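Structural characterization, general
What follows is the residue order along each chain.
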Amino acid sequence: MNWLQWSEETFKTAQSGDKPVLLSIHAVWCYWCHVMDDTTYSDVDIAEYINENFIPIRVDNDHQPDINTRYNVGGWPSTVFLTPHGGSIAGITYLPPDQLLPMLGEIQRAYKDQKTEIYDHCNNQIRQRQSEVSKVEYTTPIDLEMVDNIARKTAGTYDPIFGGFGDSPKFPSAPILKFVSHLYRTTQEPFYKIMLEKTLDNMITEGIMDRHGRGFFRYSASRDWNNVQHEKMLEDNIGLIQVYTEAYSLLGKDSYLNTAISTMDYILEELYDPSALGIRGSQGAHSDYFGLSKDHRINENPPPPDPYCYIHSSALAASMLLESGWKLSRPDAISTGVAVLNNIDTMAKNNSLFHAFSSQGPNLTSSNRLLLDWAHLLNALADASIYAPKSDEYLERAVEVAHQMIEMFYDEQKGAFFDRVRDTDSIGFVRIREKHLPENLIATQGLVKLYNANGNKEYYDMAHRTLSAFVETNGNYGEHAASYGLSIDTLLNEPVEITIEGHYENQTAIELLHEISRIPQSNIKLKLISTDKSTAAKAHVCIGTTCIPPVNNPEDLSRAISNAVIKPDDPFTNLMEEITNV
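Residues numbered from 1 in each chain as written. Predicted model: local features only at pLDDT ≥ 70, side-chain atom pairs only at ≥ 80, totals over all residues. Heavy atoms only, no water.

1. A few points about the overall build of the protein
To be explicit about the condition: Each helix is a run of DSSP H or I of at least 4 residues and each strand a run of E of at least 2, with the numbering of both proceeding from the N terminus. The atom set for the radius of gyration is the C-alpha atoms, and the globule formula is 2.2 Å times the number of residues raised to the power 0.38. Residue burial is assigned from relative accessible area. The probe radius is 1.4 Å, only protein chains are included, and a residue is buried under 20% of its type maximum, exposed over 50%, and partly exposed in between. Contact criterion: two residues are considered in contact whenever any of their non-hydrogen atoms come within 4.5 Å of each other. Methods summary: accessible areas were calculated by the Shrake-Rupley approach with a probe of 1.4 Å, and residue burial reflects only the protein chains presented.
Each helix and strand in the protein was counted, giving 23 helices and 17 strands. Expected size for 582 residues packed as a compact globule is a radius of gyration near 25 Å; at 25 Å, the protein falls within 12% of this value. Considering only C-alpha atoms, the protein reaches an extent of 90 × 60 × 45 Å along its principal axes. Each of the 582 residues in the protein was classed as buried or not, and the buried ones make up 55%. Once local pairs closer than 6 in sequence are excluded, the contacts in the protein between residues at least 24 apart make up 71%. Carbon together with sulfur atoms contributes 48% to the accessible area of the protein, which is approximately 25,400 Å² in total.

See below:
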């Protein structure tokens, strides 16, 4: 196969030769992508036919996610046939040789005989995509009733037999688990505890977790978690570390703490690339290896990780390592998180924030100037202003990055953020700047962190407008609707400001941090002041304009907040106490 890159030059070649394009979207971790390469595209007759009659383009899903979101047809590999101008003619996922060859002939004949109709169809697709973008507009304000509606829909997908959400295939769905954990913490409703505990317990004991190694696999083809697709994704494992750490704080089960630690060790020891100062994106599917017993694995080489790191997931990992480094008392995690974040930020300062990078530097063929990357960088910097040394410098830099992100991506007229910068040279559907909920949620979280840090109301208002732009369409985003509900609940509730003075190796400071994860307030504004290890840790609490004397143990912290907060369903409690006292 004579694979070419997605580029203006490649499409000009297609236009000058009047040949349709065969676009193959693959991923290094995708098992069926490798199968299709080894069987279908290795077939001599198929390769010759494609090279002669089509312009073959290969796009790596992880290197060019903006192309993937516009052309993926429901999975990997995606096999998509395009006009020479980038319009979509037809598409399918995996195809064996005996099915692809006749399809190639059909596409070629259709392009030759029905070219006018095909281009009309492609133009309609463009208009439809533009219409979808126009629907993402700040019109209906968000409210807390939406959180309850999303919570009910989430509960309706819960599997009471095996835990998890949905039927099959079943994914770990860290965004949903974070929302359920949040709901249990803020409501103390036993049903949320049951959902959380059953899911997390079954994920540990069944096949979705690598019981002979470490980390979690991407999904199970069966609802009982045991018919597993053996690929490990960095983003999934980051989210699950956060979920299990939070669940340990809430429920106190040592198995959750051990799972969080072992999964973090997997990332630090198997995916961290010290020569690139980044975290590799995945470890590929290899059913034979992962199906071996623990004893047999010793004699076999594990599948290699992705040779590349990615800006968004490395920034996400940096945030997790900084927070978990404090909660799990892991200075190695904190130092690694700082190193990764500083490297990414240096690339941003040098205007070389390409989506993929390695020890050789940025991959200049990967996508550039994506909201996904800038939003995650903003969040990591904001988190570093809490958990890392030199916090003021990170906060100052976070403000700079936020302004760059707003300038490049924010829609001043209708609200919300576009997924990429404006580029008149873009091809096909990539020319349309789209607004996707997942990236907008990351941007919103970063803005809220900045608002909590410096009180700039513009950040709050922009976050509010962004979330409001997705009132009508958030239900189209599956598990990300849960993150939407969590973001609304955080934004619309007054923050409880908690400052902890302590050290990440001071046991009292760690216990105070875990206690914060049990406090039933939706919006917690945390600040850490690092002290010597031997200095007694203490916590300061402010709610609105009321500040409470410092406390030095978890029980007093919980009691102080409980006494200070007026519960929404009982607004006259404190008033009646005052009358009684009088």
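From this point, the narrative continues.
2. A look at the state of the cysteines
To keep it simple, the criterion reads: Defined by distance alone, a disulfide is two cysteine sulfur atoms within 2.5 Å.
This model, assessed by the stated rule, comprises one disulfide. Between the sulfur of Cys 542 and that of Cys 547 lies a disulfide, 2.0 Å long from S to S. Of note, the bridge from Cys 542 to Cys 547 carries an S-S torsion of about 105 degrees and is right-handed in sense.

3. What about the sheet that holds strand β2 (residues 55-60)?
Applied cut-off: Two strands pair under a simple rule: DSSP has to find at least two bridges between them. The convention used is that axes are lines fitted to C-alpha atoms, helices contributing only their stretch in contact, and that angles between N-to-C directions extend from 0 to 180 degrees.
Sheet architecture is open: four strands sit in the order β2-β1-β3-β4, paired in mixed fashion. Every interior strand has two partners, whereas the edge strands, β2 and β4 (88-92), have only one. Neighbour-to-neighbour, the strand axes of the sheet open up by a mean angle of 20 degrees, direction not taken into account. Alignment of strand β1 (residues 21-26) against strand β3 (residues 78-82), held across five bridges, turns out to be antiparallel. Counted as the bridge partner of Leu 22 is Phe 81 from β3.

4. Let's talk about the packing of helix α9 (residues 190-205) against helix α11 (residues 254-271)
As a reminder of what qualifies: Put simply, angles under 35 degrees are roughly parallel, angles over 145 are roughly antiparallel, angles from 65 to 115 are roughly perpendicular, and the rest are oblique. Left-handed describes a crossing whose near helix is turned anticlockwise from the far helix through less than a right angle; right-handed describes the clockwise counterpart. Lys, Arg, Asp and Glu make up the charged group, whereas Ala, Val, Leu, Ile, Met, Phe, Trp, Tyr, Cys and Pro make up the nonpolar group; the residues left over, Gly among them, are polar.
Remark: α9 packs on α11, axes separated minimally by 11 Å, with the N-to-C direction vectors making an angle of 55 degrees. One finds that α9 runs oblique with respect to α11. Between α9 and α11 lies a crossing of left-handed hand. Where α9 approaches α11, its residues Glu 197, Leu 200, Asp 201 and Ile 204 are matched on the opposing element by Ser 255, Tyr 256 and Thr 259. When the residues that make up the contact of α9 with α11 are grouped by side-chain class, the tally is three nonpolar, two polar and two charged.

5. Here's the deal with the pairing of strand β15 (residues 524-530)
Side chains on a regular strand alternate between the two faces of the sheet. As a reminder, the rule being used: Handedness of a crossover is defined as follows: with both strands directed away from the viewer, a clockwise route from the first strand across the helix to the second makes it right-handed.
Where strand β14 (residues 496-502) and β15 come together, seven bridges link them in parallel fashion. Across the sheet, the residue bridging to Val 496 is Ile 524, located in β15. Note on the crossover from β14 through helix α21 (residues 507-516) to β15: the handedness is right-handed.

6. A closer look at the packing of aromatic side chains
Worth spelling out the cut-off: Ring geometry is summarised as follows: Phe, Tyr and Trp rings, the Trp one being its six-membered ring, pair when their centres sit within 6.5 Å, and such pairs are stacked at plane angles under 30 degrees, edge-to-face over 60 and tilted between the two.
If you walk through the whole model with that rule in mind, you get 20 aromatic pairs. When the centroid spacing of 5.3 Å and the interplanar angle of 70 degrees are considered together, the rings of Trp 29 and Trp 76 count as edge-to-face. Separated by 47 residues along the polypeptide, Trp 29 in the loop between β1 and α2 (31-38) and Trp 76 in the loop between α4 (65-71) and β3 bring together distant segments of the chain. Looking at Trp 76, the relative accessible area reads 26%, which means it is partly exposed. Relative to Tyr 244, the ring of Phe 216 lies with its centre 5.7 Å away and its plane at 20 degrees, an arrangement referred to as stacked. Here Phe 216, found in the loop between α9 and β5 (219-220), pairs with Tyr 244, found in helix α10 (residues 234-251); they are 28 residues apart in sequence, far enough to count as distant.

7. Focus: the side chain of Asn 61
This is how it is decided: Any pair of nitrogen or oxygen atoms within 3.5 Å is treated as a polar contact; in protein, a donor-acceptor pairing is required on top of that, and neighbouring residues in sequence qualify only through side-chain atoms on both sides.
Tracing the backbone through its elements, the reader meets Asn 61 in the loop between β2 and α4. A distance of 3.2 Å separates a polar atom in the side chain of Asn 61 from a polar atom in the side chain of Trp 76. Residue contacts for Asn 61: discarding those within four places in its chain leaves Ile 25, His 26, Ala 27, Trp 29, Asn 68 and Trp 76.

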